[in-house]
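Coordinate analysis (summary)
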Amino acid sequence: MEVFVLMGNIDYEGSCLLGVYHTQADAENAAEEHGSGELGESAYDGYTIEHRVIGARAKTNYGQFDVED
């Protein structure tokens, strides 16, 4: 099963998991909703959407773990 993970990024502080969605379009819509807060301001400096596969084996890449596509 594939999922799309929405992350809210804060400069110099890292990122925060905001949600996991079935489709990229759903993740994009959620990012737009987060970005259209009060007075059009967002608590985050940017957003990223990461594609992940549930149940995929982990692999090591320079000390960071990621899933195989």
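Figured I'd write up the structure that's included with this text. (Residues numbered from 1 in each chain as written. Predicted model: local features only at pLDDT ≥ 70, side-chain atom pairs only at ≥ 80, totals over all residues. Heavy atoms only, no water.)

A word on the overall build of the protein chain
Helices and strands together make up the secondary structure of the protein chain, namely one helix and five strands. Element order for the protein chain, N to C, with α for helix and β for strand: β-β-α-β-β-β. Here the protein chain holds 69 residues, and 17% of them are scored as buried. The contacts of the protein chain with a sequence gap of at least 6 include a subset with a gap of at least 24, amounting to 44%. For the protein chain, the exposed area adds up to about 5,300 Å²; of that, 48% sits on carbon and sulfur atoms. (Helix = DSSP H or I, 4+ residues; strand = E, 2+ residues; numbered from the N terminus. Buried < 20%, exposed > 50% of the residue type's maximum accessible area, 1.4 Å probe, protein only. Contact = heavy atoms within 4.5 Å. Areas by Shrake-Rupley, 256 points an atom, 1.4 Å probe, with all protein chains shown as cover.)

Some thoughts on the pairing of strand β1 (residues 2–10)
In the case of a regular strand, side chains alternate between the two sheet surfaces. Among the nine residues that make up β1, seven are buried, leaving the element largely enclosed by the rest of the structure. In this sheet, strand β2 (residues 14–21) lies alongside β1 in antiparallel orientation, the contact comprising seven bridges. Following the sheet pairing, G8 is matched in β2 by C16. Here β1 hands over to β2 after three residues, with Y12 in that stretch at a positive phi of 70°. (Pairing = 2+ DSSP bridges.)

Observations concerning the environment of A56
Inspection of the secondary structure puts A56 in the loop between β3 (46–53) and β4 (58–61). Under the relative-accessibility criterion, A56 is labelled partly exposed at 26%.

Observations regarding the pattern of salt bridges
Summed over the entire model, instances satisfying the criterion amount to one salt bridge. Among the salt bridges present, the one from R52 reaches E50, with a minimum N-O distance of 3.1 Å. Residue class for E50 comes out partly exposed when judged on its relative accessible area of 28%. (Salt bridge = Lys/Arg side-chain N within 4 Å of Asp/Glu carboxyl O.)

Comments concerning unusual backbone geometry
A positive phi angle is found at Y12, which is not glycine, with a value near 70°. Mapped onto the elements of the fold, Y12 is located in the loop between β1 and β2.

Observations concerning the sheet that holds β1
Taking strand neighbours across the sheet as the criterion, the three strands line up as β2-β1-β3 in an open arrangement whose pairing is antiparallel. Sheet topology places β2 and β3 at the edges, where each strand pairs with a single neighbour. Looking at each pair of strands side by side, their axes are set apart by 30° on average, direction ignored. (Axes fitted to C-alpha atoms, helices over the stretch in contact; angles between N-to-C directions.)

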